[in-house]
Amino acid sequence: MDQSGVLLWVKAEPFIVGTLQVPPPSKFSLHYLRKISTYVRTRATEGAYPRLYWSTWRHIACGKLQLAKDLAWLYFEIFDSLSVRTPEERLEWSEVLSNCMSEDEVEKQRNQLSVDTLRFLLFLYIQQLNKVSLRTSLIGEEWPSPRNRSQSPDLTEKSNCHNKNWNDYSHQAFVWDHLSDLLELLLDPEQLTASFHSTHSSLVSQEAVVALSFLIEGTVSRARKIYPLHELALWQPLHAESGFSKISKTFSFYKLEAWLRSCLTGNPFGTSSCLKSGKKLAWAHQVEGTTKRAKIACNTHVAPRMHGMVVMSQVYKQTLAKSSDTLVGAHVKIHRCNESFIYLLSPLRSVTIEKCRNSTFVLGPVETTLHLHNCDNVKVIAVCHRLSISSTTDCIFHILTPTRPLILSGNQTVTFAPFHTHYPMLEDHMARTGLATVPNYWDNPMVVCRENSDTSVFRLLPPCEFYVFIIPFEMEGDTTEIPGGLPFAYQKALGQREQKIQIWQKTVKEARLTKDQRKQFQVLVENKFYEWLINTGHRQQLDSLVPPAAGSKQAAG
């Protein structure tokens, strides 16, 4: 390493996937988190430190912070899903849960789970990213800062919690503004004053800096390799700057903080960098008569694993279908798409769909979170680890998920339905993302923001309205049916419909029509079918499957 230029930046994933898009519980304030930080260290022998077990967190969250058990589990599970695990380990956990016969058995299994205590405290603290402050609502921007001047046009709208998760300027500003608090949260209790503050002589443990690597990583100039924060901070030539003492094996609080501030810069793999200097993809074509310009950018040609990103904006009135290495393991943001059918048939890391209208999205398995915000009349078909929705209207979700779908604020007429499609590589992609067919909680959503006591914000699709969805593309692969099958009531409804078709065919056959009558009859049926295609809007879907004229063809990714 060449020590001349250490660059540090705030990682995107903890914010994109880890911060729930709702204001956090009031008890996640710094005051309470400091208390927890001290408490866990005094309970080290009781499963609280250095690893925090679910049973201990449940006791803290429900007993001391007055959180509902479901909410306590939600935050624990979101953090746990961010930890590095092999797909096999994730599938194993799904199998353990699917074999549980009661809530007590599930609880018994959960009691064996633990997370890194200090990282979990940081995770709880960054939930403040989406805290609504009175000052913000009055003047708009929460952090007036020169860093915000160069924001991309897509992200300059009034800062609100739903674009902060994807806005790397917000991530950087949040860590910069709260760096002292984040470090103090990680200090051993004896390094703090009675009012939980650091002093000029406070020392930061190596464990604390390892924990801070949850949020910060970096590189050294001219090196392509990315290092976790603690590896750079502990690197011999940097000891004088980072404040590390070989004798005490600790860091000086003030030197460490000053070094972090001097090295913090923009995330080279963040959304703004992806939009500004990412590779532009010609996946969409320009629709005649529209001024809207589809923009698709990615950084996957330069980004290391877990840092890949694809941002797609303003795809309008078309079918876009991709199964591409560019998408594998990427964080995908789909923004302002309208009257389109979008198929992204690759294993994905996370997906955010924002401000889209009258469109259908068919996704490959999503390893972490699939989040929708401010969408109208959208259909989403996906296998995902978690679904969360906010400010949606008339949307339908055909999903297969091992966690309860999260209904956040501002939703109207949400419909949940069973996952109802397949493509040849689907089961292979599910195995790669560690997603199994059971347990499946598609029909048991959790209302996280109960704006009123009205539970009718969602419904389950009645079986009589249910049809399977056919993906109209040929691909290599072994999957030939819907993984896990369909729930009995829906399978039965399909069977009854199939029976009606057979009766109809038999009736036509037995009518013994003449050749001319058959022709006439066929014209009548085709006219009725055409009418139905137009009335239901399916005509556009079929038309958009016809490849565009030469010169505007979708490019391979």
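See the structure printed just above.
Residues numbered from 1 in each chain as written. Predicted model: local features only at pLDDT ≥ 70, side-chain atom pairs only at ≥ 80, totals over all residues. Heavy atoms only, no water.

(A) Layout of the overall build of the protein chain. A tally of regular secondary structure across the protein chain gives 20 helices and 23 strands. A buried classification covers 51% of the 557 residues belonging to the protein chain. Sequence separation of at least 24 residues holds for 58% of the intrachain contacts in the protein chain that already meet a minimum separation of 6. For the protein chain, the exposed surface amounts to about 26,400 Å²; the carbon and sulfur share of it is 53%. (Helix = DSSP H or I, 4+ residues; strand = E, 2+ residues; numbered from the N terminus. Buried < 20%, exposed > 50% of the residue type's maximum accessible area, 1.4 Å probe, protein only. Contact = heavy atoms within 4.5 Å. Areas by Shrake-Rupley, 256 points an atom, 1.4 Å probe, with all protein chains shown as cover.)

(B) Layout of the nonpolar core. Ranked by internal contacts, the top residues of the largest apolar core, which has 85 residues, are L8, W57, F120, F123, V175, W259 and L260. At 9 residues, the largest contribution of residues to this core is made by helix α4 (residues 69-82). If we ignore the near neighbours within four places in the chain, the residues touching F120 are L52, W57, Y75, F76, F79 and V115. (Core = buried A, V, L, I, M, F, W, Y, C linked by side-chain atoms within 4.5 Å.)

(C) Region of interest: the sheet that holds strand β1 (residues 6-10). Taken in spatial order, the 3 strands make up an open sheet running β1-β5-β6, and their pairing is antiparallel. Here the strands that pair on one side only, and so sit at the sheet edges, are β1 and β6 (227-228). The sheet contact formed by β1 and strand β5 (residues 216-220) spans 5 bridges and is antiparallel. From the neighbouring strand, W9 faces β5, where its bridge partner is E217. (Pairing = 2+ DSSP bridges.)

(D) Just a negative patch on the surface, in detail. A contiguous patch of negative charge on the surface is contributed by E88, E89, E92 and E95. Take E88: it is sitting in helix α5 (residues 87-98). Take E88: its relative accessible area is 53%, and that puts it in the exposed class. (Patch = residues over 30% accessible without salt bridge, like charges linked within 9 Å, V, L, I, M, F, W, Y side chains within 5 Å. Salt bridge = Lys/Arg side-chain N within 4 Å of Asp/Glu carboxyl O. Lys, Arg positive; Asp, Glu negative; His and termini not counted. Charge placed at Lys NZ, Arg CZ, Asp CG, Glu CD.)

(E) Representation of the pattern of salt bridges within the structure. For the structure shown, the criterion picks out 19 salt bridges. Residues R261 and E257 are paired through a salt bridge, measuring 3.0 Å at the closest nitrogen-oxygen approach. Taken as a pair, R261 and E257 lie in helix α15 (residues 253-263) at a separation of 4 residues, close to a single helical turn. For E257, a relative accessible area of 10% gives the class buried. The partner of D376 in a salt bridge is R357, with the nearest N and O atoms 3.6 Å apart. Note that D376 is positioned in strand β18 (residues 376-390) and R357 in strand β16 (residues 357-363), a separation of 19 residues in sequence. Residue D376 is classed as partly exposed on the basis of its relative accessible area of 28%. Connected via shared salt-bridge partners are R58, K69, E107 and R110.

(F) Region of the structure containing the sheet that holds strand β8 (residues 250-252). One open sheet holds the 3 strands; their spatial order is β4-β8-β7, and the pairing between them is antiparallel. Taken across any chain shown, the strands that pair with only one partner, and hence form the sheet edges, are β4 (203-205) and β7 (244-245). In terms of strand pairing, β7 meets β8 through 2 bridges, oriented antiparallel. Following the sheet pairing, S245 is matched in β8 by T250. Across the sheet, α15 lies against β4 and β8, angled at about 75° from β8, the strand it touches most. (Axes fitted to C-alpha atoms, helices over the stretch in contact; angles between N-to-C directions.)

(G) Structural context of the environment of Y49. Locating Y49 in the fold gives a position in the loop between α2 (30-42) and β2 (51-53). For the pair Y49 and Y39, spaced 10 residues apart in the sequence, the C-alpha separation amounts to 9.5 Å. Dropping the residues within four chain positions of it, Y49 is found in contact with V40, R41, R43, A44, T117 and L118.

(H) Region of interest: the packing of aromatic side chains. What the rule picks out here adds up to 21 aromatic pairs. Seen in terms of ring centroids, Y343 and F469 are 6.4 Å apart; in terms of plane orientation they differ by 40°. Their pairing is tilted. You can see Y343 sitting in strand β14 (residues 341-344) and its partner F469 sitting in the loop between β23 (458-460) and α18 (488-510), a full 126 residues away along the chain. The residues Y343 and F469 share a single accessibility class, namely buried. Between the aromatic rings of W442 and Y490, the centroid separation amounts to 5.9 Å while the plane-to-plane angle is 75°, which identifies the pairing as edge-to-face. Residue W442 is located in the loop between α17 (426-433) and β22 (446-447), and its partner Y490 is located in helix α18; the two are separated by 48 residues in the primary sequence. Taken individually, W442 and Y490 each receive the classification buried, so the pair is uniform in this respect. Among the aromatic residues, those joined into a ring-pair cluster are W54, W57, W73, F76, F79, F120, F123 and F214. (Phe/Tyr/Trp six-rings, centres within 6.5 Å; stacked < 30°, edge-to-face > 60°.)

Just distances and angles here, no functional claims.
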